[in-house]
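# Fold and geometry: a report
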Amino acid sequence: MQHGVAAPDGHTIHITGQVAWDADGQILHVGDAKAQTHAALDHIATILAEVGGTLDDLVSMTTYLIDRSDWPRISEARAERFAPDHGPVSTAIMVAGLADPELLVELQCIAVIPADRFKSTD
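Residues numbered from 1 in each chain as written. Predicted model: local features only at pLDDT ≥ 70, side-chain atom pairs only at ≥ 80, totals over all residues. Heavy atoms only, no water.

As a further point, take the overall build of the chain. Per the secondary structure count, the chain includes two helices and four strands. Put simply, the chain runs from its N terminus to its C terminus through helices and strands in the order β-α-β-α-β-β. A compact globule built from 122 residues would reach a C-alpha radius of gyration of about 14 Å, and the chain, at 14 Å, matches this within 12%. Overall, the C-alpha framework of the chain stretches about 40 × 35 × 20 Å when taken along its three principal axes. Looking at the chain as a whole, 35% of its 122 residues qualify as buried. Partitioning the intrachain contacts of the chain with sequence separation of at least 6 by distance along the chain shows that 82% fall at a separation of at least 24. Accessible surface, the chain as shown: approximately 6,800 Å² in total, 52% of it carbon and sulfur. Of the side chains in the chain, 7 bear a positive and 18 a negative charge, and the two mean positions are spaced by 5 Å. (Helix = DSSP H or I, 4+ residues; strand = E, 2+ residues; numbered from the N terminus. Rg over C-alpha atoms; globule rule 2.2 N^0.38 Å. Buried < 20%, exposed > 50% of the residue type's maximum accessible area, 1.4 Å probe, protein only. Contact = heavy atoms within 4.5 Å. Areas by Shrake-Rupley, 256 points an atom, 1.4 Å probe, with all protein chains shown as cover. Lys, Arg positive; Asp, Glu negative; His and termini not counted. Charge placed at Lys NZ, Arg CZ, Asp CG, Glu CD.)

Right, let's get into the packing of helix H1 (residues 33-50) against helix H2 (residues 71-81). H2 packs onto H1 with a crossing angle of 40° between their chain directions and a minimal axis gap of 7 Å. Relative to H2, H1 is oriented oblique. For the crossing formed where H1 meets H2, the hand is right-handed. Contacts from Ala 33, Lys 34, Thr 37, His 38, Leu 41 and Asp 42 in H1 reach Arg 73, Ile 74, Glu 76, Ala 77, Glu 80 and Arg 81 in H2. (Axes fitted to C-alpha atoms, helices over the stretch in contact; angles between N-to-C directions. Parallel < 35°, antiparallel > 145°, perpendicular 65-115°, else oblique. Left-handed = near helix turned anticlockwise from the far one by under 90°.)

In this model, His 29 sits at a positive phi of 55°, which is unusual for a non-glycine residue. Positionally, His 29 belongs in the loop between strand E1 (11-18) and H1.

Further remarks concern the nonpolar core. Core analysis: the biggest nonpolar cluster contains 20 residues, and Ile 44, Leu 48, Leu 58, Met 61 and Leu 107 have the highest contact counts within it. Listing elements by their share of this core, those giving two or more residues are E1, H1, strand E2 (58-65) and strand E4 (105-113). Excluding its chain neighbours within four sequence positions, the residues that come into contact with Leu 107 are Thr 16, Gly 17, Gln 18, Thr 37, Ala 40, Leu 41, Ile 44, Met 61, Thr 62 and Thr 63. (Core = buried A, V, L, I, M, F, W, Y, C linked by side-chain atoms within 4.5 Å.)

As enumerated under the stated definition, the model contains five salt bridges in all. Here Glu 76 ties to Lys 34 by a salt bridge, and the two come within 3.1 Å at their closest N and O atoms. Of the two residues, Glu 76 sits in helix H2 while Lys 34 sits in helix H1, which places them 42 residues apart along the sequence. With relative accessibility at 39%, the residue Glu 76 sits in the partly exposed group. Members of the salt-bridge network, linked through shared partners, are Lys 34, Glu 76 and Glu 80. (Salt bridge = Lys/Arg side-chain N within 4 Å of Asp/Glu carboxyl O.)

Turning our attention to the side chain of Asp 70. Turning to its location among the elements, Asp 70 is positioned in the loop between E2 and H2. At a separation of 2.7 Å, a polar atom in the side chain of Asp 70 contacts the side chain of Arg 73. In contact with Asp 70, other than residues within four places in its own chain, are Ala 33 and Leu 104. (Polar contact = N/O pair within 3.5 Å; in protein donor to acceptor, adjacent residues only side chain to side chain.)

What follows is the structure, encoded as C-alpha coordinates:
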(Lines give C-alpha, C1' and ligand atoms only; values in the text may rest on other atoms or scores of the structure.)
Protein backbone atom coordinates (compact mmCIF):
# COMPACT_ATOMS: atom_id res chain seq x y z
CA MET A 1 0.00 0.00 0.00
CA GLN A 2 1.25 3.44 -0.88
CA HIS A 3 1.02 6.39 1.46
CA GLY A 4 1.98 8.98 -1.13
CA VAL A 5 2.27 9.48 -4.87
CA ALA A 6 4.37 12.11 -6.60
CA ALA A 7 2.24 13.47 -9.42
CA PRO A 8 4.14 13.64 -12.71
CA ASP A 9 4.10 16.63 -15.01
CA GLY A 10 0.97 16.68 -17.12
CA HIS A 11 -2.68 17.63 -17.17
CA THR A 12 -4.57 17.17 -13.91
CA ILE A 13 -8.04 15.69 -14.33
CA HIS A 14 -10.54 15.83 -11.46
CA ILE A 15 -13.21 13.16 -11.90
CA THR A 16 -16.54 13.61 -10.21
CA GLY A 17 -17.94 10.76 -8.13
CA GLN A 18 -18.64 7.69 -10.26
CA VAL A 19 -21.18 5.04 -9.37
CA ALA A 20 -22.70 1.89 -10.87
CA TRP A 21 -25.22 3.54 -13.19
CA ASP A 22 -25.84 2.42 -16.74
CA ALA A 23 -26.40 4.82 -19.65
CA ASP A 24 -30.10 5.07 -18.73
CA GLY A 25 -29.41 5.91 -15.08
CA GLN A 26 -30.38 2.46 -13.82
CA ILE A 27 -28.42 0.98 -10.91
CA LEU A 28 -26.15 -1.91 -11.87
CA HIS A 29 -25.30 -4.84 -9.58
CA VAL A 30 -27.78 -4.09 -6.79
CA GLY A 31 -26.48 -5.51 -3.52
CA ASP A 32 -22.96 -6.27 -4.85
CA ALA A 33 -20.35 -3.75 -3.67
CA LYS A 34 -17.52 -5.45 -5.55
CA ALA A 35 -19.37 -5.38 -8.88
CA GLN A 36 -20.47 -1.78 -8.26
CA THR A 37 -16.84 -0.83 -7.63
CA HIS A 38 -15.80 -2.44 -10.92
CA ALA A 39 -18.61 -0.57 -12.72
CA ALA A 40 -17.48 2.75 -11.23
CA LEU A 41 -13.87 1.98 -12.23
CA ASP A 42 -15.09 1.17 -15.76
CA HIS A 43 -16.73 4.63 -15.93
CA ILE A 44 -13.52 6.23 -14.68
CA ALA A 45 -11.49 4.33 -17.31
CA THR A 46 -13.86 5.57 -20.03
CA ILE A 47 -13.54 9.19 -18.87
CA LEU A 48 -9.76 8.90 -18.75
CA ALA A 49 -9.58 7.29 -22.20
CA GLU A 50 -11.39 10.32 -23.66
CA VAL A 51 -8.44 12.50 -22.63
CA GLY A 52 -5.69 9.99 -23.42
CA GLY A 53 -5.39 8.44 -19.97
CA THR A 54 -5.74 5.10 -18.25
CA LEU A 55 -6.42 3.94 -14.71
CA ASP A 56 -2.62 3.90 -14.25
CA ASP A 57 -2.73 7.71 -14.39
CA LEU A 58 -4.81 7.98 -11.21
CA VAL A 59 -2.91 9.60 -8.35
CA SER A 60 -5.71 9.87 -5.79
CA MET A 61 -9.02 8.15 -5.08
CA THR A 62 -11.65 8.79 -2.45
CA THR A 63 -14.04 5.91 -1.82
CA TYR A 64 -17.43 6.63 -0.27
CA LEU A 65 -19.20 3.58 1.12
CA ILE A 66 -22.34 3.16 3.17
CA ASP A 67 -21.59 -0.16 4.88
CA ARG A 68 -18.25 -0.91 6.53
CA SER A 69 -18.77 -4.64 5.91
CA ASP A 70 -18.51 -3.96 2.14
CA TRP A 71 -14.91 -2.73 2.47
CA PRO A 72 -13.28 -6.16 1.87
CA ARG A 73 -15.18 -6.58 -1.41
CA ILE A 74 -14.41 -3.02 -2.50
CA SER A 75 -10.74 -3.68 -1.71
CA GLU A 76 -10.84 -6.89 -3.77
CA ALA A 77 -12.14 -4.97 -6.78
CA ARG A 78 -9.38 -2.37 -6.39
CA ALA A 79 -6.74 -5.11 -6.07
CA GLU A 80 -7.97 -6.64 -9.32
CA ARG A 81 -7.49 -3.32 -11.14
CA PHE A 82 -4.32 -1.91 -9.50
CA ALA A 83 -0.99 -3.56 -8.75
CA PRO A 84 -0.15 -3.46 -5.03
CA ASP A 85 2.87 -1.23 -5.63
CA HIS A 86 1.18 1.00 -8.21
CA GLY A 87 -2.10 2.74 -7.77
CA PRO A 88 -3.63 5.87 -6.42
CA VAL A 89 -3.33 6.94 -2.82
CA SER A 90 -6.67 6.29 -1.24
CA THR A 91 -9.04 7.43 1.45
CA ALA A 92 -12.27 5.66 2.38
CA ILE A 93 -15.15 7.51 3.99
CA MET A 94 -18.24 5.88 5.40
CA VAL A 95 -21.35 7.94 4.64
CA ALA A 96 -25.03 7.72 5.61
CA GLY A 97 -26.10 7.27 1.99
CA LEU A 98 -25.44 8.03 -1.66
CA ALA A 99 -27.61 9.50 -4.43
CA ASP A 100 -29.74 6.34 -4.60
CA PRO A 101 -30.33 3.89 -1.74
CA GLU A 102 -29.22 0.96 -3.94
CA LEU A 103 -25.78 2.49 -4.52
CA LEU A 104 -23.17 1.00 -2.20
CA VAL A 105 -20.00 2.77 -3.33
CA GLU A 106 -18.92 5.96 -5.09
CA LEU A 107 -15.41 6.75 -6.33
CA GLN A 108 -13.99 10.24 -6.80
CA CYS A 109 -10.54 10.51 -8.41
CA ILE A 110 -7.72 12.72 -9.54
CA ALA A 111 -5.51 11.71 -12.46
CA VAL A 112 -2.49 13.29 -14.11
CA ILE A 113 -2.24 12.61 -17.85
CA PRO A 114 1.26 13.07 -19.33
CA ALA A 115 1.36 15.88 -21.88
CA ASP A 116 2.45 13.54 -24.68
CA ARG A 117 -0.74 11.44 -24.27
CA PHE A 118 -3.23 14.14 -23.35
CA LYS A 119 -6.10 14.68 -25.78
CA SER A 120 -8.05 17.90 -25.38
CA THR A 121 -11.82 17.59 -25.50
CA ASP A 122 -12.28 21.25 -26.51
